Amino acid sequence: MTDHRGWTHCPRCKTDLAFGPIAGEEQDRLNCSGCELVLYDNPAPTSCAVIVRNGRLMLTLRGIEPHKGDWDLPGGYIEVGEHPEEALVREMREETGLEVEITGMLGIFLDTYGDGGTDTLNICYEAGVKGGEEAPASDVIAIGWFSPDEIPANLAFRNTREALDAWLAKGRD
Ligand SMILES: [Zn+2]
């Protein structure tokens, strides 16, 4: 039995999973011989943003593991049927109380959600604040606004650092 993230049984019909060829694909996949479910193990998409106001960018202090107590770019997982832009606006309302307006695309950054965690594909925008009352909520315990030379060292994820580096590299005055 090959160990694929510890997945051993089909989540739909409970048959033992096997890793091997499936119809119409070059690449072997973890699959179920009982109901033909294929577990593609794709990365989970998230939406986040560098949000700037008065020359300072917003970071959120994580209140949950992984990386509880480290600073993160605000954002979260995208729901089924939700556009990444909608996900960002929703997450900002939930986590920060702020209404944001997307101003551009920063980039896409690959990562994992903590050591050995889910693979993530992090879609990062640039955005500004257009309203709302700032109030940390959900898994965020504090909101901080940092000038580019004050960015804290304890950033939560590799993709947080990469997104900020990409933003800094675009050149600000
Ligand atoms: Zn099955």
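Up top you'll find the structure we're talking about.
Summary of the structure given here.

Conventions we followed
Residues numbered from 1 in each chain as written. Predicted model: local features only at pLDDT ≥ 70, side-chain atom pairs only at ≥ 80, totals over all residues. Helix = DSSP H or I, 4+ residues; strand = E, 2+ residues; numbered from the N terminus. Buried ≥ 20, exposed ≤ 12 C-beta atoms within 10 Å, placed from the backbone. Contact = placed C-beta atoms within 7 Å. Pairing = 2+ DSSP bridges.

Digging into the overall build of the protein chain
- Along the protein chain, the regular secondary structure elements total two helices and 10 strands.
- Sequence-ordered secondary structure for the protein chain, helices as α and strands as β, is β-β-β-β-β-β-β-α-β-β-β-α.
- Counting only C-alpha atoms and orienting by the principal axes, one finds that the protein chain spans roughly 55 × 30 × 30 Å.
- The burial tally for the protein chain puts 27% of its 173 residues in the buried class.
- Here the contacts in the protein chain between residues at least 6 apart in sequence split such that 59% fall between residues at least 24 apart.

Regarding the pairing of strand β9 (residues 119-132)
- Judged from the eight bridges that link them, strand β4 (residues 44-53) and β9 form a sheet pairing that is parallel. Along β9, the bridge assignment pairs T46 with N122.
- Note that strand β8 (residues 98-112) and β9 share 13 bridges and pair antiparallel. Across the sheet, the residue bridging to M105 is Y125, located in β9.
- The loop that links β8 with its antiparallel partner β9 comprises six residues; one of these, G114, has a positive phi angle of about 85 degrees.

Concerning the environment of P148
- Assignment of secondary structure puts P148 in the loop between β10 (140-146) and α2 (158-169).
- On the neighbour-count criterion, P148 (13 C-beta atoms within 10 Å) is partly exposed.
- Measuring from C-alpha to C-alpha, the distance between P148 and V100 comes to 20 Å, with 48 residues separating the pair along the chain.

Here we look at unusual backbone geometry
- Note that the residue after E65, namely P66, is joined by a cis bond; omega there is -5 degrees.
- Residue position: P66 is located in the loop between β5 (56-62) and β6 (71-72).
- Residues other than glycine seldom take positive phi values, yet K14 does so here, at roughly 75 degrees.
- With respect to the helices and strands, the residue K14 is situated in the segment before β1 (17-20).
- Here S138, not a glycine, exhibits a phi torsion of approximately 60 degrees, which is positive.
- Within the secondary structure, S138 sits in the loop between β9 and β10.

Focus: the pairing of β4
- Direction of pairing for β4 relative to strand β7 (residues 75-77): antiparallel, over a ladder of three bridges. Within the sheet, the bridge partner assigned to S47 lies in β7 and is G76.
- As judged from the two bridges shared by β4 and β5, these two strands associate in the antiparallel manner. Paired with R53 across the bridge in β5 is R56.
- The hairpin turn running from β4 into β5, its antiparallel successor, is two residues long, and N54 in that turn takes a positive phi close to 50 degrees.

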